[in-house]
Number of protein chains: 2
Amino acid sequence: MVENGRTYEQSIMNSLRRIMRAVDIYSRKLNTEFGLTTPQLLCLDIMAKSKNMILKDLAKAVNLSESTVNGIADRLEAKLYVERRRSSLDRRKVFLVVTPAGHAILQRTPAFFQDRLSASLSLMSEAEQQAMTESLEHIAALMETEKWMQPQALT
Amino acid sequence: MVENGRTYEQSIMNSLRRIMRAVDIYSRKLNTEFGLTTPQLLCLDIMAKSKNMILKDLAKAVNLSESTVNGIADRLEAKLYVERRRSSLDRRKVFLVVTPAGHAILQRTPAFFQDRLSASLSLMSEAEQQAMTESLEHIAALMETEKWMQPQALT
DNA sequence: CACGAATGATTCGTGTTGTAATTATTTGAA
DNA sequence: TTCAAATAATTACAACACGAATCATTCGTG
C-alpha cells in the first residue's frame, strides 16, 4: 500500500498510462505541426538507417505487429517519404526505401519525445537512472512472457 | 549510454512500449475470452463504485479523453452492462449506471493485468518497489507538463 | 427577462494497434 | 517434378485514443 491507498502495482500502472498518454498527445501535436507522428518518425528513422529493410524486420525492430507497421508504411508512402520496391531476387519481399524527402523531413523534425525524458531523468543520479532502466526492462521481459498471457478467472 | 548502445531514455521508452504492448495484447485476449477489454473493465469498475457517475468525471478518473470514454461507454451499453440515464435535475448530465449483468461480470472477470505485475515486483525489495513507483510518478508528472508539449525544431 | 458563456454529451475524422484471413511466392521433401 | 509447408505482405475488422466541432441545456450578468 502506498500513501494514497493504492498498491505499488496500481500506482505503477497508472503512471505508465499517464506517460504513454503524454507520449500520444505529444505525437498528435507533432503530427499537426510537422505531419509525422511518433510511430511514423520511429519507423522512418529505422528505415533510414538500414538499406533494404523489409516490413517483417521493421516490425521486429520497433516491437509492433506487421499489420500495424504496414499501415504506418502506407501513410509514409502516401506522404512520399518512403517507397516500396519489390525485390527481384525474392518477389515476396518488399524493400522499404526512404526517399530524399523522407531523409529531409527526418532532419527537420524535432527530437523524439524520449529526449524530453532526459530532463526528468537528469534529476536522478546515474545509479538511479540505471536502476530504473533495469527495473523497467525486467518488468517488460516478465510481462511479455507467454504464461502471463492466459487469463485465469478469480478463484 | 547503456551496454547495448542505447541511452537510458531510449531503453526506458522501449521498455514502456513493450509493457504497454503486453497490456494491450492481454486486453485483447481478455476480450475474446470474457467479452471485456481492460479499458472497459477499468471503466466499469469505477462506475460500479460510484453512484450517479457522469461521463466527464469518469474520463477524469481513468485519465482518458471524454470522447474515448464515450466510445467505451457505448460498447458497455451495447453489451447491456451499463445504462445511460439522463438526469432530470440537469438534463445535460447523463448518469452511467451499471446493470445487474454488469456487476455480475465484474465478479467473474479475471483480475486486472497489473495484478500480474505483482509477480515481477515481488522480486524487488520493498525499497526498490517504492523507488520505482516514485520515479515513475515523477516522470509522469513531468511529462504531462504543458511546456514539454510545444515541439521545437532541432537547432 | 434575455442572451452570451459555460457545461456536458455526442459525433466526426484520423491514426494506432492487434488478430485472423488471404494472396503471392519460395522452399523443400516425396 | 510436384505439391504441401513456410514465408512475406497485405487486407478486413474491431477497439482505442485524441482533438475539434456540434447540440442541448443551464448559468450568470446586464
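All values derive from a computational prediction rather than experimental measurement.

Chemist: Please explain the pattern of salt bridges as it appears in this structure.
Modeler: Any two side chains of opposite charge can pair if their charged atoms end up close together. Residues and elements named next belong to chain B. Within this structure, the stated rule accounts for 15 salt bridges over all chains. Residue E77 pairs with R84 through a salt bridge whose shortest N-O separation is 2.6 Å. A relative accessible area of 29% places E77 in the partly exposed class.

Chemist: Can you help me understand the sheet that holds strand β3 (residues 94-98) of chain B in this one?
Modeler: Strand pairing in a sheet is mediated by backbone hydrogen bonds. Such pairs are either parallel or antiparallel. Residues and elements named next belong to chain B. Read across the sheet, three strands follow the order β1-β3-β2 without closing on themselves; strand pairing throughout is antiparallel. Since the sheet does not close on itself, it has two edges, and those belong to β1 (53-54) and β2 (82-86), each with one partner. Relative to β3, β2 runs antiparallel, the two sharing five bridges. Across the sheet, E83 pairs through a bridge with V97, a residue of β3. Strands β1, β2 and β3 of the sheet are contacted by helix α2 (residues 38-49), whose axis makes an angle of about 100° with β3. Docked against the sheet, helix α4 (residues 66-78) engages β2 and β3, running at close to 115° with respect to β2.

Chemist: How should the protein's contact with DNA strand C be read in this particular structure?
Modeler: Around DNA strand C, a shell composed of 28 residues is seen, among which T37, S65 and R75 of chain A together with R21 and K56 of chain B lie nearest. Between DNA strand C and S65 of chain A there is a distance of 2.7 Å, counted from a phosphate oxygen to a backbone nitrogen or oxygen. Within the residue set of the surface near DNA strand C, elements represented by two or more residues are α2 (38-49) and α4 (66-78) of chain A together with α1 (8-34), α3 (55-62) and α4 of chain B. Classifying every residue of the surface near DNA strand C by side-chain character gives eight nonpolar, eight polar and 12 charged.

Chemist: Whenever I open this one, the domain arrangement of chain A confuses me. Can you help?
Modeler: All names here are of chain A. Here chain A is partitioned into domain 1 (1-34) and domain 2 (35-145). A separation of 21 Å is found between the C-alpha centroids of domain 1 and domain 2. Across the contact, eight residues belong to domain 1 and 13 residues belong to domain 2. Across the domain 1 to domain 2 interface the summed buried area is about 1000 Å²; carbon plus sulfur atoms make up 66%. Put simply, domain 1 and domain 2 have zero salt bridges between them. Summed over the shared surface of domain 1 and domain 2, the result is five residue pairs in polar contact (both at pLDDT 80 or more). Here the residues of the side of domain 1 that touches domain 2 are counted per class, giving five nonpolar, two polar and one charged.

Chemist: In this structure, what is going on with the protein's contact with DNA strand D? I would like to understand it.
Modeler: As a structural note, the neighbourhood of DNA strand D is formed by 27 residues, with R21 and N70 of chain A together with T37, S65 and R75 of chain B the closest of them. For DNA strand D, the fraction of atoms within 4 Å of the protein that belong to sugar or phosphate moieties is 71%. R84 of chain A places a polar side-chain atom, nitrogen or oxygen, 3.1 Å from a phosphate oxygen of DNA strand D. At 3.4 Å, a backbone N or O of V94 of chain A approaches a phosphate oxygen of DNA strand D.

So, how was this worked out
Here the residue numbering is sequential within each chain, running from 1 through the sequence in written order. By the order in which they are written, chains take letters starting at A while ligands take numbers starting at 1. Under the rules for a predicted model, residues below a pLDDT of 70 receive no local features and side-chain atom pairs below 80 are neither given nor counted, while totals for whole chains, interfaces and linings still include all residues. Here the side-chain values reflect all heavy atoms present in the structure, with hydrogen atoms and water set aside. By salt bridge we mean one thing: a side-chain nitrogen of Lys or Arg within 4 Å of a carboxyl oxygen of Asp or Glu. Burial here depends on accessible area, computed with a 1.4 Å probe over protein chains only, as a share of the maximum for the residue type. Under 20% is buried, over 50% is exposed, and the range in between is partly exposed. Pairing between strands requires that DSSP locate at least two bridges from one strand to the other. The secondary structure listing takes helices from DSSP runs of H or I that are at least 4 residues long and strands from runs of E that are at least 2 residues long, numbered from the N terminus. We call two residues in contact when some of their heavy atoms are within 4.5 Å. Interaxial angles span 0 to 180 degrees and are taken between N-to-C directions of axes, which are lines fitted to C-alpha atoms, for helices over the stretch in contact. Throughout, the term near means that a residue has one or more heavy atoms lying within 4 Å of the molecule or strand in question. Here a polar contact is recorded for every N or O atom pair within 3.5 Å, except that within protein the pair must consist of a potential hydrogen donor and a potential acceptor, and residues adjacent in sequence are included only if both atoms are side-chain atoms. Amino acids are sorted into nonpolar (Ala, Val, Leu, Ile, Met, Phe, Trp, Tyr, Cys and Pro), charged (Asp, Glu, Lys and Arg) and polar (every other residue, Gly among them). All the domain ranges listed were derived from an automatic or database domain assignment. Defined in terms of a 1.4 Å probe, buried area is the accessible area two parts forfeit on being brought together, summed over both.

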